[in-house]
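# Residue-level structural notes
If you want the building blocks of each chain, they are given just below.
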Amino acid sequence: MAPASSLSAWSDLHSHHESVGKNIVLKDAFKNDPKRFDKFTRKITLPADISSGSNGTDIIFDFSKNLITEETLDKLVKLAEEAGVEKKRDAMFAGGKINFTEGRAVYHAALRNVSNQTMKVDGVDVMNTKGGVNDVLEHMRVFSEQVRSGEWKGYTGKKLTTIINVGIGGSDLGPVMVTEALKHYGAKDMTLHFVSNIDGTHIAEALANSDPETTLFLIASKTFTTAETTTNANTAKSWFLEKTGGKGDIAKHFVALSTNESEVTKFGIDAANMFGFESWVGGRYSVWSAIGLSVALYVGFDNFHKFLAGAHAMDQHFQQAPLRENIPAIGGLLSVWYSNFYGAQTHLVAPFDQYLHRFPAYLQQLSMESNGKTITSDGSPAKYTTGPILFGEPCTNAQHSFFQLVHQGTKLIPSDFILAAKSHNPVSDNLHQKMLASNYLAQAEALMVGKTAEEVRAEGNVPEELVPHKVFMGNRPTTSILVGGAIGPAELGALIVYYEHLTFTEGAVWDINSFDQWGVELGKVLAKKILKEIDEEGAGSGHDSSTGGLLGAFKAYGGF
Ligand SMILES: O=P(O)(O)OC[C@H]1O[C@](O)(CO)[C@@H](O)[C@@H]1O
């Protein structure tokens, strides 16, 4: 495809930004158009049999507090058409090798294809082939039910109630985020640990209070070659063998979630205890695969299946809805609008939901590992900004830390706020939930309406020199996402996929490959070289004076 800036819709959007976009005053737009909320709100309804409540759950995406007019949306849709977003989407869902730098299909949607539509890569039916999606799901079902019921026992005959997932990046962030988000559904007798960091503290703390007789290790690594994971896994194995006096049975206590059978067996895990997936599942899209085993163990397979089904519902919406009605496509196009025409550099996601406290961290990998790229499909550098810096924290906490900058700083920070209408914990007669909701609504309203100097003065008793400090410029865009029930497995699945396809849409417009991650390689290679140098005499070789100086100092202070 062509670089986005060469498209006629791109130039058109530039003129539109100059003549219209720059001058949009949101509070006036609402005054002038009582139907604005209806015009820019989209809804998806999840089927009743997978929803958290007894009726199907609606999820409302209110885009009306964004700096757009109907004409803007039309022009953004035109941009998507010219950039071939639909063609690229269809190629993805058809198993095309759209990860063009690695020659791979991008087919994580097959993992949640609960309606079992035919999905093929290289002519092979990935759903029903031996060892394919349905076989792995069945293996996960059987295993998770055996562990949860206690039928699968440790080497001394005890039920396994501590799960330690060892993995990093996509082999960690999804499972952590989802198990936290679905804690309400989690097995009360299970303790979960997620060990990712190579910092020995992480594994040491997980092992400190674990009993080898009742601990199950999930070694989660797509490649099974990631240094942090293999090192942590070996430390876990040594601990297990040492604590059990060599009597511990690895086969009962260690399973692998991976694509790499030969490395798994080399590590000492039986191929029968390996839950596989294929190279067409990117790490940051792998929570739907065997990498999600900790989720299935914790919340039960039926809930894991609902999680997949909610995701599938959003996949179908993304595949079928016309661009102007297409929720993830609109989200992605808004991101392009702010990044490339308003110069925004960030994207804030703030869930008003404590269970979603790891959601922004999860989205950081999804968004920034996917679209943190400069090179376009023809190998030339993009002449425009690409992936935004995504950040966030749950609210209301974030309001009491960095929201100052969001309200009064010099930067435009497009923000997403997420709220579930129903809490899993309606304590104090729902007082907490009402307060949470009032903040969710108030923040978006405050960011939009702001406060003028006249309004500050009208409050009285404000010394004139303080007036400018108390002014809020307002007109700051937000997207409000409202889940019309509680956030259960299906609702969570749909929310994640909203962001997956939003990220897809951005990358498709920017003409970059959202599915590789070459940018993480250089640091890995240098770390390997320096690791060797720590054990050698001197302060390494070929380094700049800062790196060499610090290496020498580390060795001296650390006694290495
Ligand atoms: O699952 P693996 O192969 O251990 O990789 C872990 C993570 O490392 C990365 O490759 C980045 O270094 C991510 O893309 C991936 O999710």
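About the thresholds
- Residues numbered from 1 in each chain as written.
- Predicted model: local features only at pLDDT ≥ 70, side-chain atom pairs only at ≥ 80, totals over all residues.
- Heavy atoms only, no water.
- Helix = DSSP H or I, 4+ residues; strand = E, 2+ residues; numbered from the N terminus.
- Rg over C-alpha atoms; globule rule 2.2 N^0.38 Å.
- Buried < 20%, exposed > 50% of the residue type's maximum accessible area, 1.4 Å probe, protein only.
- Contact = heavy atoms within 4.5 Å.
- Areas by Shrake-Rupley, 256 points an atom, 1.4 Å probe, with all protein chains shown as cover.
- Lys, Arg positive; Asp, Glu negative; His and termini not counted.
- Charge placed at Lys NZ, Arg CZ, Asp CG, Glu CD.
- Near = heavy atom within 4 Å.
- Polar contact = N/O pair within 3.5 Å; in protein donor to acceptor, adjacent residues only side chain to side chain.
- Nonpolar A, V, L, I, M, F, W, Y, C, P; charged D, E, K, R; others polar.
- pLDDT = per-residue confidence, 0-100.
- Core = buried A, V, L, I, M, F, W, Y, C linked by side-chain atoms within 4.5 Å.
- Pairing = 2+ DSSP bridges.
- Axes fitted to C-alpha atoms, helices over the stretch in contact; angles between N-to-C directions.
- Right-handed = clockwise from strand over helix to strand, strands pointing away.
- Parallel < 35°, antiparallel > 145°, perpendicular 65-115°, else oblique.
- Arc of directions from axis to C-beta.

### A look at the overall build of the chain
- A count of helical and extended segments in the chain gives 22 helices and 13 strands.
- At 25 Å, the chain has a C-alpha radius of gyration in line with the 24 Å of a compact globule built from 560 residues.
- Here the chain, with 560 residues, has 52% of them falling under the buried criterion.
- Contacts in the chain between residues far apart in sequence, at least 24 positions, make up 74% of those at least 6 positions apart.
- Split by element, the accessible area of the chain, about 23,800 Å² in all, is 54% carbon and sulfur.
- Across the chain, the mean location of the 50 positive side-chain charges is 1 Å away from that of the 62 negative side-chain charges.

### Observations concerning the site of the ligand
- Taken together, 14 residues form the shell around the ligand, and within it Ser 171, Ser 221, Lys 222, Thr 223 and Thr 226 come nearest.
- Note that an oxygen atom of the ligand is positioned 2.8 Å from one of the backbone N or O atoms of Gly 170.
- Protein chains shield 88% of the accessible area of the ligand, which is 390 Å² for the free molecule.
- Looking at side-chain class alone, the shell around the ligand contains two nonpolar, nine polar and three charged residues.

### A look at the confidence of the model for the chain
- Summary statistics for the chain give a mean pLDDT of 97 and a share of 100% for residues scoring 70 or more.
- Two numbers describe this predicted complex: its pTM, 0.98, and its ipTM, 0.98.

### Considerations on the environment of Phe 194
- Secondary-structure assignment places Phe 194 in strand 6 (residues 191-195).
- In sequence terms Phe 194 and His 469 are 275 residues apart; their C-alpha atoms lie 44 Å from each other.
- Not counting residues within four places of it along the chain, the set of residues in contact with Phe 194 comprises Asn 165, Asp 172, Pro 175, Val 176, Thr 179, His 202 and Ser 294.

### What to know about the nonpolar core
- Among the nonpolar cores identified, the biggest contains 126 residues, and Trp 280, Leu 492 and Tyr 499 are the most heavily contacted of them.
- Per-element tally for this core: the top contributor is helix 20 (residues 489-510), with 13 residues.
- Excluding residues that lie within four positions of it along the chain, Leu 492 makes contacts with Met 177, Val 178, Ala 181, Leu 182, Phe 307, Leu 356 and Ile 487.
- Formed by 20 residues, the second largest nonpolar core is a distinct cluster that contains Val 166, Leu 207, Phe 240 and Met 274.

### With respect to the environment of Gln 408
- Structurally, Gln 408 is set in helix 16 (residues 403-408).
- Gln 408 sits in the partly exposed class, given a relative accessible area of 29%.
- The spatial distance from the C-alpha of Gln 408 to the C-alpha of Ser 149 is 54 Å, given a sequence separation of 259 residues.
- Polar contacts involving the side chain of Gln 408 include one to the main-chain carbonyl oxygen of His 469, which spans 2.9 Å.

### Side note on the sheet that holds strand 2 (residues 58-62)
- Read from one edge to the other, the open sheet built from six strands follows the order 1-2-13-12-10-11, with strand pairing classed as mixed. Of all strands in the sheet, those bounded by a partner on one side alone are strand 1 (41-45) and strand 11 (389-391). The mean inter-strand angle of the sheet, taken between neighbouring strand axes irrespective of direction, is 15°.
- Where strand 12 (residues 415-420) and strand 13 (residues 478-483) come together, six bridges link them in parallel fashion. Paired with Leu 419 across the strands is Leu 482, a residue of strand 13.
- Each of strand 12 and strand 13 touches helix 17 (residues 427-449); the most contacted strand, strand 12, lies at about 160° to it.

### Notes on the pairing of strand 5 (residues 162-166)
- Taking burial as the measure, the five residues of strand 5 include five buried ones, the bulk of the element.
- The alternating pattern of strand 5 places Thr 162, Ile 164 and Val 166 on one face and Ile 163 and Asn 165 on the opposite face, and all of these are buried.
- Across five bridges, strand 5 lies against strand 6 in parallel orientation. The residue bridging Ile 164 from the neighbouring strand is His 193, located in strand 6.
- In terms of handedness, the path from strand 5 via helix 7 (residues 173-181) over to strand 6 forms a crossover that is right-handed.
- As paired strands, strand 5 and strand 7 (residues 215-220) are joined by five bridges and run parallel to one another. When the bridges of strand 7 are listed, Thr 162 appears paired with Thr 215.

### Section: the packing of helix 4 (residues 70-82) against helix 14 (residues 327-341)
- Where helix 4 meets helix 14, the closest approach of the two axes is 10 Å, and the angle between their N-to-C directions is 100°. One way to sum up the angle between helix 4 and helix 14 is to call them roughly perpendicular. Here helix 4 contributes Thr 72, Leu 73, Leu 76, Val 77, Leu 79 and Ala 80 to the contact with helix 14, which in turn contributes Ile 330, Leu 333, Val 336 and Trp 337.
- Along the lines of polarity and charge, the residues of the contact of helix 4 with helix 14 split into nine nonpolar, one polar and no charged.

### Description of helix 5 (residues 85-93)
- Within the span of helix 5, buried status applies to Val 85, Lys 88, Arg 89, Met 92 and Phe 93. Projection of helix 5 onto a plane perpendicular to its axis shows the buried side chains occupying an angular sector of 135°, all on one side.
- Elements in contact with the buried residues of helix 5: helix 4, helix 13 (301-320) and helix 20.
- At the C-terminal side of helix 5, Gly 95 shows a positive phi close to 80°.

### Observations regarding the pairing of strand 12
- Of all the six residues making up strand 12, six are buried; the element is thus mostly covered by neighbouring parts of the structure.
- Of the two faces of strand 12, both are covered, the one formed by Ser 415, Phe 417 and Leu 419 as well as the one formed by Asp 416, Ile 418 and Ala 420.
- As defined by bridge partners, strand 10 (residues 346-351) adjoins strand 12 across four bridges and the pair is classed as parallel. Residue pairing in the sheet places Pro 351 in a bridge with Ile 418 of strand 12.

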